[in-house]
Amino acid sequence: MKRRLLLTIALIALCLTTFILAVNDRRQLATAQDGTPTSTLAPAALRSGYASTACLIQPTKGTARARRQEMLQRRAQLLASGSFPLSRFRQEFNSASLVNDKAMPGTDPVSNGYAPREEIAFVDPTNYGDRYLADVNGNPATLEPIVVLHETVGSASSALNLFRAFHPNDNDQVSYHALIKLDGTVVYLVPPDKRAYGAGNSVFMGTSGAETVKTNAKFPGSVNNFAYHISLETPYDGSNNGYSHSGYTLAQYQALSWLVAKTGVADERITTHKAVDRSRSRIDPRSFSDTTFFSLLNAQPRRAEIAIRCTPPV
Ligand SMILES: [Zn+2]
């Protein structure tokens, strides 16, 4: 009798919790549809029915062997799920949603006439990971996204070959979220809500201090957990360790500003590998013109069509 009573109470509690969660979800959705940003999901993402993948809670503290096993399992799952569609990298612009967009009226990316060529390239899943909610020690790791600019130094095709390669060892794993070729083609590599391995030992100096996240007990902290990494293909005269080269093409600056505008990241959180690097070995992107970039960026409508944040698991 007592057991039956307890079971009934447990069932009622479960129903109540489910109801409260459902109401809460609806409220969040309504807020986002009004154009007011919520802390967890980009409004544009909700409008088009796109949802980021779930964040992982915390990096595992298991043995190197256990972590490797976990990584190989995850790789097999990702490879089995097939190639990513364009919608995994950015929102298809939906003009119907613009009409009711109270947040940014009159901003129509289609009408300003510019759109770069876009491609999707395969990256081996060993070269990127999931974003985490907490660092390796359990401290909160959900920092505001930043954009980090790089250059490839070699050709775009040699960089793509590197990302395509299976890299089971931590030290060899490398990737960006996107690469911009000399002709301005945007090549999408790693989905924005995933953690690309673009910077090793690195710190972003934000307005409220140093920002970095330690995701591996063996390595120093890095900005990768909250960064969107974009790399510019280096011109032919820059395939060396010199301090400068002839610079990037106008097509690259145009494509870069178009892409960065779609991240919705504020100017003060756009940085370079050189600025965040703490290994004193990175100086990219060399010969980069802030003036050209920011004047083109400021002419672009800013919309969060590239959802950098992952979704906190329920
Ligand atoms: Zn770099």
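Note that this is a predicted model, so its numbers are computed, not measured.

Caption draft 1: Quick look at the overall build of the protein. The helix and strand tally for the protein stands at 8 helices and 10 strands. Of all 314 residues assigned to the protein, the portion counted as buried reaches 34%. Expressed as a percentage of contacts within the protein between residues at least 6 apart in sequence, the contacts between residues at least 24 apart total 77%.

Caption draft 2: Examining the sheet that holds strand β4 (residues 178-180) more closely. Taken in spatial order, the 6 strands line up as β1-β5-β4-β9-β3-β10 in an open sheet, and their pairing is mixed. Each edge of the sheet is formed by a strand with only one pairing partner; in this case those strands are β1 (118-120) and β10 (270-272). Across this sheet, the average inter-strand angle for adjacent strands is 25 degrees, counted without regard to direction. Inspection of the sheet shows β1 paired to strand β5 (residues 186-188) by 3 bridges, in the parallel sense. Within the sheet, the bridge partner assigned to Ile120 lies in β5 and is Tyr188.

Caption draft 3: Molecular detail of the confidence of the model for the protein. On average, residues of the protein carry a pLDDT of 81, and 77% of them reach 70 or more. Low pLDDT, under 50, characterises residues 14-49; the stretch is placed with 35 contacts to residues that sit more than four places away or in other chains.

Caption draft 4: Just helix α6 (residues 250-261), in detail. With 12 residues, α6 extends 16 Å between its outermost C-alpha atoms, agreeing within 8% with the 16 Å of an ideal straight helix rising 1.5 Å per residue. Of all 12 residues in α6, 10 are buried; the element is thus mostly enclosed. Considered for burial, the residues of α6 that qualify are Gln252, Tyr253, Gln254, Ala255, Leu256, Ser257, Trp258, Leu259, Val260 and Ala261. Residues of α6 that are buried in the fold lie against β3 (146-151), β4, β5, β9 (227-232), β10 and α8 (290-298).

Caption draft 5: Region of interest: the nonpolar core. Membership of the largest hydrophobic core comes to 50 residues, with the highest contact counts inside it found for Val147, Ala178, Leu189, Ile230 and Leu256. Ranked by the residues each element gives to this core, the list is headed by α6, at 7 residues. Excluding anything up to four places from it in sequence, Leu189 contacts Ala121, Val123, Phe163, Ser175, Tyr176, His177, Ala178 and Leu179.

Caption draft 6: Expanded view of unusual backbone geometry. Following Asp284, the chain continues to Pro285 via a peptide bond in cis, the omega torsion being -5 degrees. Its location among the elements puts Pro285 in the loop between α7 (273-276) and α8. For Val153, which is not glycine, the phi torsion reads 70 degrees and is therefore positive. Relative to the elements of secondary structure, Val153 occurs in the loop between β3 and α5 (156-164). Within the chain, Arg280 stands out as a residue other than glycine whose phi angle is a positive 60 degrees. Position of Arg280 among the secondary structure elements: in the loop between α7 and α8.

Caption draft 7: Just the environment of Ser202, in detail. On the secondary structure map, Ser202 appears in the loop between β6 (194-196) and β7 (204-206). Residue Ser202 is classed as buried on the basis of its C-beta count, with 24 C-beta atoms lying within 10 Å. Spatially, the C-alpha atom of Ser202 lies 8.5 Å from that of Asn224, the residues being 22 residues apart in sequence. Contact partners of Ser202, with chain neighbours within four places excluded, come to Thr212, Ser222, Val223, Val276, Asp277 and Arg278.

Caption draft 8: The packing of α6 against α8, seen in detail. Taken N-terminus to C-terminus, the directions of α6 and α8 make an angle of 50 degrees; their axes are 9 Å apart at the nearest point. Between α6 and α8, the angle falls in the class oblique. In terms of crossing hand, the pair formed by α6 and α8 is right-handed. Contacts between α6 and α8 pair Tyr253, Gln254, Leu256, Ser257, Val260 and Ala261 from the former with Thr292, Phe293, Leu296 and Leu297 from the latter.

Caption draft 9: Structural detail: the pairing of β9. In terms of burial, β9 is a largely internal element, 6 of the 6 residues being buried. Residue alternation in β9 divides its side chains into two sets, Ala227, His229 and Ser231 and Tyr228, Ile230 and Leu232, and both sets are buried. Relative to β9, β3 runs parallel, the two being bridged by 6 bridges. Across the sheet, residue Val148 finds its bridge partner in β9, namely His229. Relative to β9, β4 is paired through 3 bridges, and the arrangement is parallel. Looking at β9, one finds that Ala178 is bridged to Ile230.

Caption draft 10: Spotlight on the pairing of β3. Buried residues dominate β3, accounting for 6 of its 6 residues. With burial as the criterion, each face of β3 is covered, one bearing Ile146, Val148 and His150 and the other bearing Val147, Leu149 and Glu151. Two strands pair when backbone bridges link them, and β3 and β10 are joined in this way by 3 bridges, in the parallel orientation. Bridging from a neighbouring strand, Val148 pairs with Thr271 of β10.

Reading guide: rules and limits
Residues numbered from 1 in each chain as written. Predicted model: local features only at pLDDT ≥ 70, side-chain atom pairs only at ≥ 80, totals over all residues. Helix = DSSP H or I, 4+ residues; strand = E, 2+ residues; numbered from the N terminus. Buried ≥ 20, exposed ≤ 12 C-beta atoms within 10 Å, placed from the backbone. Contact = placed C-beta atoms within 7 Å. Pairing = 2+ DSSP bridges. Axes fitted to C-alpha atoms, helices over the stretch in contact; angles between N-to-C directions. pLDDT = per-residue confidence, 0-100. Expected span 1.5 Å × (residues − 1). Core = buried A, V, L, I, M, F, W, Y, C linked by C-beta atoms within 7 Å. Parallel < 35°, antiparallel > 145°, perpendicular 65-115°, else oblique. Left-handed = near helix turned anticlockwise from the far one by under 90°.

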